[in-house]
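Working through the structure, step by step
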Amino acid sequence: MTRLATLQSMLRQNGVDAVALGPGPHMAYIADVHPHADERPCLLIATPAGAAILMPELNADEMRRQTDLPFFTWSDATGPQTALAALIQSLGIEKGTKLVQVDETMRADFALLVIEALGQPKTAFAAESVGRMRLSKDEAEKAEILRNAEIDDRAMEAAFAAIRPGVTEREIADAARAVFEEAGATPLFTIVGAGGNGAFPHYATGDQPVAVGDAIVMDIGARSGSFSSDLTRMAFVGTPSEEYLKVHAVVEAAVQAACAAARPGVAAREVDAAARGVITAAGYGPYFTHRTGHGLGLEGHEPPYLTSTSDTILEEGMVFSIEPGIYLQGKFGIRLEEIVILEADGPRIVSRLSRDVFVAPAEA
């Protein structure tokens, strides 16, 4: 069964009259269509019995090479309303329809255009259908995630090798980026935070030179094909301090606790609680300032989210990060991140790199 057919069956079972998707991961997942995304309305609308695409005329010839779904085109001179009305009529959707799902990631003006054209129906998010389908990865998707993880490991090793006193954060990041680019992957982020900068979880890598005694957070990822990678490891320039080793051990224990808790059938909040409980018991609870993890797939951050309030029940095939951290302002931050594929007996870690701190030489 194609993904579109699976979606249509889901709509039928759940009493959903239509779903409207904009350019982006939901549309790509369902129809393998990747239109240019700009301010011109472009929509894939599916019902339990059919599907069609609203497409700006200037992109139509190119997009017809990607799909045989029917197109309803419009030009800048005419606007999209007439073409959208024709599309809706072709699918047999009547005004006053009861329930329509809209892509939660598409432009608000696209969503309002659909809602107005359908006579203000009750709305929900496509996360309840397409998003639900995307949660569990198939074997081909897992293979792509593993391939990206291998590239990320090599980039992290290059970052380790670049560390020495006097080198800048940016130069360390550039070493990782070079590996990504050589492998044909597009760098997405190369966070390198030395010393006190590591206490900012989403630090913007700068030109600060690293010094002896610095702890360094390195959070890097890139995209190759349809998927991406995400990995965080720690380095220390010279002999790690006693305080650093103590905190690193707490974060490592939190990773292990989260991995032990992550099983099919377990609520995501229980995994967060396992990691957070270790950090809180060690006296660092206020310094763990973010969720324990996020899903990874067509998007670098997607469901499931491992938060203290998430009721999502974990299932085999889900892919997500486990990344607890402790951030001590003015001193250092420590985050250890693994991407895992959830299997029947627990999480499979995709990285081959140790989570031990990498000790860089104290001499240039």
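Reference entry: report on the structure contained in this document.

Here the focus is the overall build of the protein. Summing up its helical and strand segments, the protein has 10 helices and 18 strands in all. Once the C-alpha set of the protein is aligned to its principal axes, its extents read approximately 70 × 40 × 35 Å. Burial statistics for the protein: of 364 residues in total, 55% are counted as buried. Sequence-distant contacts, at least 24 apart, represent 66% of the contacts inside the protein between residues at least 6 apart. In the structure as shown, the protein presents an accessible area of about 15,500 Å², 52% of it carried by carbon and sulfur atoms.

The next point concerns the layout of surface pockets. In this structure, the largest pocket encloses a volume near 310 Å³. What lines the largest pocket is a set of 19 residues, and nearest its centre among them are His202, Asp219, His294, His301 and Glu323. For the lining of the largest pocket, the secondary structure elements donating two or more residues are strand 7 (186-194) and strand 11 (293-295). Ranked by the residues each element gives to the lining of the largest pocket, the list is headed by strand 7, at 3 residues. In this model, the second largest pocket occupies a volume close to 190 Å³. It is helix 2 (residues 25-31) that contributes the most residues to the lining of the second largest pocket, 3 residues altogether. Classifying every residue of the lining of the second largest pocket by side-chain character gives 5 nonpolar, 2 polar and 4 charged.

For the structure shown, the criterion picks out 25 salt bridges. For Asp311, the salt bridge is made with Arg269, and the minimal N-O distance between the two is 2.5 Å. Here Arg269 lies in helix 10 (residues 268-281) and Asp311 lies in the loop between strand 12 (302-306) and strand 13 (319-322), a separation of 42 residues in the sequence. Through salt bridges that share partners, Arg134, Lys137, Glu299 and Glu302 make up one connected network.

This part covers unusual backbone geometry. A cis amide bond links Pro303 with the next residue in sequence, Pro304, at an omega value of 5°. Secondary-structure assignment places Pro304 in strand 12. Not every positive phi belongs to a glycine, and Asp32 is a case in point at roughly 55°. Residue placement: Asp32 occurs in the loop between helix 2 and strand 2 (43-46). Of note in the backbone geometry, Gln120 takes a positive phi value of approximately 60° without being a glycine. Summarising the element assignment, Gln120 is placed in the loop between helix 5 (108-117) and strand 6 (122-125).

The rules behind these values
- Residues numbered from 1 in each chain as written.
- Predicted model: local features only at pLDDT ≥ 70, side-chain atom pairs only at ≥ 80, totals over all residues.
- Heavy atoms only, no water.
- Helix = DSSP H or I, 4+ residues; strand = E, 2+ residues; numbered from the N terminus.
- Buried < 20%, exposed > 50% of the residue type's maximum accessible area, 1.4 Å probe, protein only.
- Contact = heavy atoms within 4.5 Å.
- Areas by Shrake-Rupley, 256 points an atom, 1.4 Å probe, with all protein chains shown as cover.
- 1 Å grid on protein atoms, 1.4 Å probe; cavity = no way out; pocket = protein on both sides within 12 Å on 5 of 7 lines; lining within 4 Å.
- Points joined across faces, edges and corners; volume = space filled by probe spheres on them.
- Nonpolar A, V, L, I, M, F, W, Y, C, P; charged D, E, K, R; others polar.
- Salt bridge = Lys/Arg side-chain N within 4 Å of Asp/Glu carboxyl O.

What is shown is where atoms sit, not what they do.
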